[in-house]
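The lines below spell out each chain.
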Amino acid sequence: METIEAIGYAASIMVAISLTMKDIIKLRILNFIGCGLFVTYGIAIEAWPVVLTNGFIAVVNVYYLIKLQQSKQAS
């Protein structure tokens, strides 16, 4: 197995594991890691729809992680 293929599998596993989380923070963190791996994978294989979609999802995850952190600090 080539390194880039391993990154693709790792990305898939991280996203799949993230979807089993009950804790939304853990879900978003694991999903963010998976998205980051997918962005790396997509760049390596020049699959720009993979890069754009997962880059967008990563930004959404960060946005909601920040909002969750802010709401914790406010309460």
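Please read all numbers here as calculations on a predicted model, not as lab measurements.

**So, unusual backbone geometry**
Leave glycine aside and you will find that most residues have negative phi; peptide bonds, for their part, are mostly trans. Located in the positive-phi region is glutamate 46, a residue other than glycine, with phi close to 55°. With respect to the helices, strands and loops of the structure, glutamate 46 is situated in the loop between α2 (24-44) and α3 (48-74). Classification of glutamate 46 as exposed rests on a relative accessible area of 59%.

**So, the packing of α2 against α3**
Contact pair α2 / α3: the axes reach a minimum separation of 8 Å and the direction vectors enclose 155°. Relative to α3, the element α2 lies roughly antiparallel. Crossing handedness for the pair α2 and α3: left-handed.

**Quick word on the packing of aromatic side chains**
For the structure shown, the criterion picks out one aromatic pair. The interplanar angle of 80° and the centroid separation of 5.0 Å between the aromatic rings of tyrosine 63 and tyrosine 64 together place this pair among those described as edge-to-face. A relative accessible area of 38% places tyrosine 64 in the partly exposed class.

**Looking at helix α1 (residues 3-18)**
End to end, α1 covers 22 Å across 16 residues, agreeing with the expected 22 Å (1.5 Å per residue, within 8%). Taken as a whole, α1 has its buried residues at Gly8, Ala11, Met14, Val15 and Ser18. What you see down the axis of α1 is that its buried residues fit within an arc of 130°, all on one side. In this fold, the buried residues of α1 make contact with α2.

**Side note on the side chain of asparagine 31**
Tracing the chain through its elements places asparagine 31 in helix α2. By relative accessible area, asparagine 31 is classed as buried at 9%. Of the polar contacts made by the side chain of asparagine 31, one reaches the side chain of serine 18; its length is 3.2 Å. Those residues in contact with asparagine 31 that lie beyond four places of it in its chain are Val15, Ser18, Ile57 and Asn61.

**Some words on the packing of α1 against α2**
Two elements in contact, α1 and α2, have axes whose closest approach is 8 Å; the angle formed by their N-to-C orientations is 155°. Between α1 and α2, the angle is such that the two are roughly antiparallel. For the pair α1 and α2, the sense of crossing is left-handed. Along its contact with α1, which presents Ile4, Ile7, Gly8, Ala10, Ala11, Ser12, Met14, Val15, Ile17 and Ser18, the element α2 presents Leu27, Leu30, Asn31, Ile33, Gly34, Cys35, Leu37, Phe38, Thr40, Tyr41 and Ala44. Of the residues in the contact of α1 with α2, the class split is 15 nonpolar, six polar and no charged.

The rules behind each value
Here, residues in each chain are numbered from 1, in the same order as that chain's written sequence. Predicted model: local features are reported for residues with pLDDT of at least 70 only, side-chain atom pairs are reported and counted for 80 or more only, and whole-chain, interface and lining totals are derived from all residues. Side-chain calculation: all heavy atoms of the structure are included, whereas hydrogens and water are not. What counts as a helix is a DSSP run of H or I of at least four residues, what counts as a strand is a run of E of at least two, and both are numbered from the N terminus. For every residue, the accessible area obtained with a 1.4 Å probe (protein chains only) is divided by the maximum for its type, and the residue is called buried under 20%, exposed over 50%, and partly exposed between those limits. As a rule, the C-alpha atoms of each element are fitted with a line to give its axis, helices using only the stretch in contact, and angles between N-to-C directions run from 0 to 180 degrees. Any angle between 65 and 115 degrees counts as roughly perpendicular, while under 35 counts as roughly parallel, over 145 as roughly antiparallel, and the rest as oblique. Helix crossings get a hand from a simple test, with the near helix turned counterclockwise from the far one by less than a right angle marking a left-handed crossing and a clockwise turn marking a right-handed one. The rule is short: rings of Phe, Tyr and Trp, with Trp giving its six-membered ring, pair when the centres are within 6.5 Å, and they are stacked under 30 degrees, edge-to-face over 60, tilted in between. The span one expects for a helix is its residue count, reduced by one, times 1.5 Å. Arc, as used here, means the arc of the directions from the helix axis to the C-beta atoms. Residues are treated as being in contact if the distance between any of their heavy atoms lies within 4.5 Å. What qualifies as a polar contact is a pair of N or O atoms within 3.5 Å, subject to a donor-acceptor requirement within protein and to the restriction that residues adjacent in sequence count only when both atoms come from side chains. For this scheme, ten residues count as nonpolar: Ala, Val, Leu, Ile, Met, Phe, Trp, Tyr, Cys and Pro. Four count as charged, namely Asp, Glu, Lys and Arg, and the remainder, Gly too, count as polar.

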